[in-house]
Amino acid sequence: MAERWDLVVIGAGSGGLAAAKRAAAHGARVALIEGDRVGGTCVIRGCVPKKLLVYGSAYRETLANATSFGWELGDVRCKPATLLANVRAEVDRLDGLHVGLLVKAGVELMRGWARFESPHELLVTSAEGEQRIDANRVLIAVGGRPVRPAIPGAELAWVSDDLFLQDDLPASVLIVGGGYIACEVACILVGLGVAVTQLVRRDHLLAGFDRELSDAVQAGMGELGVSIRFGAAPVRIDGSPGILSVDDTAAGVHQAAAVLLATGREPFTAGLNLEAAGVRQEGARLPVDADQRTNIPHIYAVGDVIDRINLTPVAVDEGRAFADSVFGGKPRRTDLSLVASAVFTQPELASVGLSEEEAKRTLGAEAVRVHRARFRSLALALPQRGPRCLLKLVVEDATDRVLGAHMVGEHSAEIIQMAAIALGMGATKADFDRTMALHPSVAEEFVTMA
Ligand code: NDP
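All values reported here derive from a predicted model rather than from experimental measurement. (Residues numbered from 1 in each chain as written. Predicted model: local features only at pLDDT ≥ 70, side-chain atom pairs only at ≥ 80, totals over all residues. Heavy atoms only, no water.)

**Student:** Pulling in residues and values, what's your account of the pairing of strand 5 (residues 121-126)?
**Tutor:** Across a regular strand the side chains alternate sides, sitting on one face of the sheet and then on the other. Relative to strand 5, strand 4 (residues 113-116) runs antiparallel, the two sharing 4 bridges. The residue bridging Arg115 from the neighbouring strand is Leu123, located in strand 5. Between strand 4 and strand 5, which pair antiparallel one after the other, the connecting turn spans 4 residues. Across 6 bridges, the pairing between strand 5 and strand 6 (residues 129-140) is antiparallel. When the sheet's bridge partners are listed, Glu121 is paired in strand 6 with Asp134. Count of turn residues in the strand 5/strand 6 antiparallel hairpin: 2 residues. (Pairing = 2+ DSSP bridges. Helix = DSSP H or I, 4+ residues; strand = E, 2+ residues; numbered from the N terminus.)

Here you go:
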C-alpha cells in the first residue's frame, strides 16, 4: 500500500520549500519531491549566484575610481574562473543548508521526479527506482525553465542556466534579449572583461519599466561598454561553441565565442502528466484562483508555474499563504498590489507601483504629477565619471498620493524596498516632503524633491 501524506509538494524551489516548512510547522505530514538540487532557480541558477557575480563584476568600476581616492593599485587582474568556482561553492553550501532546514522542519525530502498517476496518486522516479505515494493535497511548485527561440542553431547557444556551469568565461559573448536576464548578464560579463554585444528586438531595454528609467540604465550600460543593437533579433546561429556566428533580422552578422539566449522563461510542467490528475493548463501555465487552487480542489500551485509575477518573494508568500490557509486555520491571500522589483544592472534599477506611462494611461495625463531628481552621487564626485542617479515619484494630482517610486543608481534596490512600505501605507507626496532628510545620502533626494 502506498504511503499517504497530508501534503505532497512537487519542487524544492523558493515556493515549494516555504510551503512545505510552513505546512509542517502547522502539524501536517509533508513530503517534498525534488529531482534536482534543493533551492530551485533562485538559489542554484538565478538570483543568488547572479547577485554574487554582480558584486564580483562591480569591482571593475570601483577599482577604476580608486585612484581618485588616493589608492595606487599595481597590476590588477580579474580571474573570472576563481569567481565562478567560489560562487559554485557558495551554491553548494546553500543547497546543504536548505536540506538541513527541511530535516529540522520535519519535512520528508524525496529525491526523484514526480508524475501524477491519478488525482491523489503520484509516482516518484529516481536512479534508485520508483516509489508510489498518495496525497490528500498536492502543491505544484515546479517553477520555470528558459525558452530558446525556434531558430536554426539555437541549441548551440547558452541559456542563463549554462552561465553558472562555466569554468571560465570566453572573450566575447552575444546576448539576445532586452529583459531582466539579458541586461543583468551583459553588465556582469562586461565587468569581468568580456566583450558583450546585445541584440534587442524593440527600440529600448526593459519593457514594462518606466521608460525614463530604462533609458537611464541603457545610458549607463553603454558607458560601461555594452554594445547594444536595437531592432535586431537573431534568425540563425552557425558554427561551433568557441566560434559562433549570428545572423540578425537587421541584416547584420555577429561573431562571438558564445551566445546567450535570454529570451524569456516558461512554466516547467513537462513529465508531470497533469492529464491524469485532470489539472487544466493555459498554454504551459497553471491557472489558479486567489487561494492558489487549480481547477482540481485538492491541487494547488505557486510560483513561476502559475506565471503571474515571477519573483522569488512572491512565490515564497504564495507558498506560506497556502500553508497558513489550508493547514494553519489562518486563511490569507498573497497581496500582489504593490510588488517592488529590481534589475541588478550596473547602474541598478528598482521600482514599486505605477510607472509614469501606466499612471497616465490609467488616470489620464493631466491627473498625474511627476517629480524627479537627476544627479551624480557623492560617491562619484571625485572620479567625475560613472552613471548619474535618477529618482522619480509618480503622484496622483487630486489626492497627492504617491502611485510609483522609481530609481536608477547606487543601492536603489535597498532604497525602493523601504519606499514600498510607505507606498503600501498610502503615503502622499506631502508625507515624503515632511520627512527629514538623512544627509548626505542618495535616498534623501526622495524627501527633498521639488
Ligand atoms: P524577459 O521576459 O524579461 O525578457 C525576454 C527578452 O527576450 C525580451 O526583451 C523579449 O523581447 C526578448 N525576446 C523574446 N523572444 C525573442 C526572440 N525570439 N528573439 C529576440 N528576442 C526575443 O525574460 P528574462 O528571460 O530576461 O527573465 C525571465 C523572468 O525571470 C523575468 O520576467 C523575471 O520575472 C525573472 N527575473 C527576475 C530578475 C530580478 O528580479 N532581478 C532577474 C532575472 C530574471 P520583447 O520585450 O519584445 O518580448
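**Student:** Could you give an account of the site of the ligand, with specific residues and numbers?
**Tutor:** In the neighbourhood of the ligand, 20 residues make up the surrounding shell, with Gly178, Ile181, Arg202, Asn310 and Ala342 lying closest. The backbone of Ala262 places a nitrogen or oxygen atom 3.3 Å from an oxygen atom of the ligand. Contact with the protein chains covers 75% of the free accessible surface of the ligand, which is 910 Å². It is helix 6 (residues 180-191) that provides the largest number of residues to the shell around the ligand, a total of 3 residues. Residues that form the shell around the ligand fall into these classes: 9 nonpolar, 6 polar and 5 charged. (Near = heavy atom within 4 Å. Polar contact = N/O pair within 3.5 Å; in protein donor to acceptor, adjacent residues only side chain to side chain. Areas by Shrake-Rupley, 256 points an atom, 1.4 Å probe, with all protein chains shown as cover. Nonpolar A, V, L, I, M, F, W, Y, C, P; charged D, E, K, R; others polar.)

**Student:** Let's hear about the sheet that holds strand 14 (residues 258-261): which residues, and what values?
**Tutor:** What holds strands together in a sheet is hydrogen bonding between their backbones, with the strands either parallel or antiparallel. Pairing is parallel in the open sheet, where 4 strands are placed in the order 10-9-8-14. Strands with a single pairing partner mark the edges of an open sheet, and in this sheet they are strand 10 (227-230) and strand 14. Sheet twist, expressed as the average angle between the axes of neighbouring strands with direction ignored, equals 20°. Sheet topology places strand 8 (residues 172-176) next to strand 14; 4 bridges connect them, and they run parallel. When the sheet's bridge partners are listed, Val176 is paired in strand 14 with Leu261. (Axes fitted to C-alpha atoms, helices over the stretch in contact; angles between N-to-C directions.)

**Student:** Could you give an account of the environment of Ala321, with specific residues and numbers?
**Tutor:** Structurally, Ala321 can be placed in helix 9 (residues 312-327). Those residues in contact with Ala321, other than ones at most four positions away along the chain, are Arg332, Arg333 and Thr334. (Contact = heavy atoms within 4.5 Å.)

**Student:** Break down the nonpolar core for me, citing the residues and quoting the values.
**Tutor:** Core analysis: the biggest nonpolar cluster contains 68 residues, and Ile175, Leu189, Met221 and Phe446 have the highest contact counts within it. Considering every element that reaches this core, the biggest residue donor is helix 6, with 8 residues. What Ile175 contacts, discounting residues up to four positions off in sequence, is Ala182, Val185, Ala186, Leu189, Val196, Thr197, Gln198, Leu199 and Leu260. With 26 residues, the next largest nonpolar core counts Ile133, Ala135, Val138 and Val142 among its residues. (Core = buried A, V, L, I, M, F, W, Y, C linked by side-chain atoms within 4.5 Å. Buried < 20%, exposed > 50% of the residue type's maximum accessible area, 1.4 Å probe, protein only.)

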